[in-house]
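Here are the chains, one letter per residue:
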Amino acid sequence: MLLPTTPALTPAELATVTVFAGLPTEALDWLLDHGETRAYADGEVVFEPGAPAELMLAVVRGGLQFYNIKGAQRDFVFRVETGQVTGVLPYSRLRVVGGQGVAVGESLFYLLHRDQFPALEQASPELVQRLVAVMNDRSRDQVRSQERDDKLRALGKLSAGLAHELNNPAAAIARAAQALAVRAAAKPQLLQELLAQCPDPAALCAFAALAVPVAAADPAAPHLSPMEQSAREDELADWLAGQGVPDGFRLAPGLLETGLTEEILAAAAQVLPPAARPAAFAWLETQQSTLQLIRDVQEAGSRISKLVADVKTYSHMDRAGGFELLDVTTGLNSTLNMLGFQLRQKKVRLTRDYAPDLPQIRGQVSSLNQVWTNLLDNAIDALPDQGGEITLRVRRENDFVRVFLIDNGTGIPAEVLPHIFEPFYTTKQAGAGSGLGLDIAQRIIKQHDGRLEVSSRPGHTEFCAWLPVTAPLA
């Protein structure tokens, strides 16, 4: 909606716009003759999303605020101040307005339709050059902003996965600490009862020899089903009851978990008087469970330490950001660890096929890890919820290390394939991607004097990064 009166501009007023400053009077007169002036009230909508992008807009007074509209939500994007130019510029490919523009304060805008741009080139080539420079600056700013958004989006995914990974060992430590507190509080009373019932030092020493550090589980040992495990616990609980232990059903699981079977306990029972056996087996279960809980805390702490080390390797936090000699597979593995939660969520079958004795390359760890993140993230998105497969293959070919990332997703349509490295080209839903992930990956590989290739058919999509064994310093 226009204000009731729209004041006419003078050449001097038009020249207050930075890009028009210093133009000859003839050029300013031409702009006034071929454009128009519009005034808007504070908060008035200047244009809506989806409208045709047809006008160059210069802010003579007031300002213009841009918003992204998502349903009922309106998010601030940027603001155009007095003296700045926005909208369609010469050689711009913008065709549709992407957001909502709202006037800030009592505003006066100069507008020029894009149909006038060919004539403008004849009237003022100097102004066209200035406007093209503005458009280039705007494009660079937009690319940087989209790159930051992509990095933040990737960081959000990694953070969610990392938080989940850290939560499991942290929760295990908390549970173990709580159980340790209960057992530590009970041990003095149990020891007092044991000493009261068994004053013989030799018998106590023979029995205490059973309390040894808990060994790690043998991965080759047969795995018992829940029914088999329950049957073993019932058998041991019955044996303990026969030894006069009233709560054998409570002690049996802990004793079995730490490797103390009926045969081992029977040998210990022979050196103890019958009256001492309930207190002795209760003390032994508490002692062995304490050792097992300590081992659990150690393992959970080691898991957290490994995750922190993976983060450092992935982000290159402990080194300078320049080019250096590095192992490609180290970066691939740290990236896989960072994306472990997403891979498990989709039940992805992962194959690492690394050739032995791969040479080092000269590169930037953090930049290459961003490439692997973008490629893996796209591959995970392309896979079904179950049954997906990803293969990472690394080979040397002459003076190059070739990194293959292969997935068995639906594939990239033939009409899309030629465009996937174009900036801002995306087939994802709005808000799910900016279309810069593969463009960024390609530019990083080119910075390493390599190349990034892709081939795809249904059920087989393959990206291949060629990285020279010896790359020049940045």
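What counts as what
Residues numbered from 1 in each chain as written. Predicted model: local features only at pLDDT ≥ 70, side-chain atom pairs only at ≥ 80, totals over all residues. Heavy atoms only, no water. Helix = DSSP H or I, 4+ residues; strand = E, 2+ residues; numbered from the N terminus. Buried < 20%, exposed > 50% of the residue type's maximum accessible area, 1.4 Å probe, protein only. Areas by Shrake-Rupley, 256 points an atom, 1.4 Å probe, with all protein chains shown as cover. Salt bridge = Lys/Arg side-chain N within 4 Å of Asp/Glu carboxyl O. Pairing = 2+ DSSP bridges. Axes fitted to C-alpha atoms, helices over the stretch in contact; angles between N-to-C directions. Core = buried A, V, L, I, M, F, W, Y, C linked by side-chain atoms within 4.5 Å. Contact = heavy atoms within 4.5 Å. 1 Å grid on protein atoms, 1.4 Å probe; cavity = no way out; pocket = protein on both sides within 12 Å on 5 of 7 lines; lining within 4 Å. Points joined across faces, edges and corners; volume = space filled by probe spheres on them. pLDDT = per-residue confidence, 0-100. Phe/Tyr/Trp six-rings, centres within 6.5 Å; stacked < 30°, edge-to-face > 60°. Lys NZ or Arg CZ within 6 Å of the ring centre and 35° of its normal.

When helices and strands are tallied, the chain shows 13 helices and 13 strands. Looking at the chain as a whole, 40% of its 474 residues qualify as buried. With an accessible surface of roughly 24900 Å², the chain has 55% of that area assigned to carbon and sulfur atoms.

Applying the stated criterion across every chain, the model contains nine salt bridges. When the shortest N-O distance is used, the salt bridge between E389 and R349 registers 2.6 Å. Of this pair, E389 sits in strand β10 (residues 389-397) while R349 sits in strand β8 (residues 349-354), and the two are 40 residues apart along the sequence. What makes E389 partly exposed here is its relative accessible area of 34%. Its relative accessible area of 44% is what places R349 among the partly exposed residues. Through salt bridges with shared partners, one network takes in D353, R393 and R395.

With that out of the way, let us pick up the sheet that holds β8. Read from one edge to the other, the open sheet built from five strands follows the order β8-β10-β11-β13-β12, with strand pairing classed as mixed. For this open sheet the edge positions go to β8 and β12 (451-457), each flanked by a neighbour on one side alone. Recorded for the sheet is a direction-independent mean angle of 15° between the axes of neighbouring strands. Pairing of β10 with strand β11 (residues 400-407) involves eight bridges; the strand directions are antiparallel. Considered in β11, the bridge of E397 is made with F400.

Turning our attention to the nonpolar core. Core analysis: the largest hydrophobic core is formed by 40 residues, its most contacted members being F20, L31, M56, Y110 and L120. The set of elements that each furnish at least two residues to this core consists of α2 (25-34), β1 (36-40), β2 (45-47), β3 (55-70), β6 (100-113), α3 (117-123) and α4 (125-197). Looking at this core element by element, the count peaks at seven residues for β3. Aside from chain neighbours lying at most four places away, what touches L120 is W30, L31, L112, P125, L127, V128 and L131. Counting 37 residues, the second-largest nonpolar core is a separate cluster that includes L336, L375, V394 and I420.

Glancing now at helix α7 (residues 248-257). Of the residues making up α7, those classed as buried are G248, L251, A252, G254, L255 and L256. The first or second residue beyond α7 is G259, which carries a positive phi of 90°.

Turning our eyes to something else, we now look at empty space enclosed by the protein. Going through the model one piece at a time under the given rule, you end up with one cavity of 30 Å³ or more. Computed from the structure, the largest cavity encloses a volume of approximately 40 Å³. Forming the walls of the largest cavity are L332, W372, L375, L376, L392, V403 and L405. Those elements that place two or more of their residues in the lining of the largest cavity are α12 (365-382) and β11. With three residues, the top contributor of residues to the lining of the largest cavity is α12.

Glancing now at unusual backbone geometry. With a phi close to 55°, D357 is a non-glycine residue in the positive phi region. For D449, which is not a glycine, the phi torsion comes out positive at approximately 60°. Assignment of secondary structure puts D449 in the loop between α13 (437-447) and β12. What makes D449 partly exposed here is its relative accessible area of 44%.

Tracing the chain through its elements places S92 in the loop between β5 (85-87) and β6. Setting aside residues up to four positions removed in sequence, S92 forms contacts with R114 and M135.

A word on the confidence of the model for the chain. Residues with a pLDDT of 70 or more make up 82% of the chain, whose mean pLDDT is 80. Averaged over each element, pLDDT in the chain is lowest for helix α5 (residues 201-208) (70) and highest for β11 (95). Confidence drops under a pLDDT of 50 for residues 1-5, and excluding neighbours within four residues, the segment shows 12 contacts in the predicted structure. Here residues 214-221 is a poorly scored stretch, pLDDT under 50, and it has seven contacts once near neighbours within four places are set aside; other chains count.

This paragraph deals with the packing of aromatic side chains. Going through the model one piece at a time under the given rule, you end up with seven aromatic pairs. Look at F20 and Y110: their rings are 6.0 Å apart centre to centre, the planes differ by 90°, and that puts the pair in the edge-to-face class. A residue pair is termed long-range when its members are at least 10 positions apart, and F20 in the loop between α1 (11-14) and α2 and Y110 in strand β6 qualify at 90 residues. Ring geometry for F47 versus F66: centroids 5.3 Å apart, planes at 50°, classification tilted. Within this pair, whereas F47 is found in strand β2, its partner F66 is found in strand β3, the two being separated by 19 residues in sequence. Both residues of the pair, F47 and F66, count as buried. Across from the ring centre of Y67, 3.9 Å away, lies the NZ or CZ of R74, which sits over that ring. Over the ring of W466 we find R451; its NZ or CZ atom is 3.9 Å from the centre of that ring.

Most of β6 is tucked away, with 11 of its 14 residues classed as buried. Where β1 meets β6, five bridges bridge the pair, whose relative direction is antiparallel. Counted as the bridge partner of R38 is F109 from β6. Here β2 pairs with β6 via two bridges, running antiparallel. Its bridge partner lying in β6, V45 is registered against V102. As defined by bridge partners, β3 adjoins β6 across 11 bridges and the pair is classed as antiparallel. When the bridges of β6 are listed, Q65 appears paired with V102.

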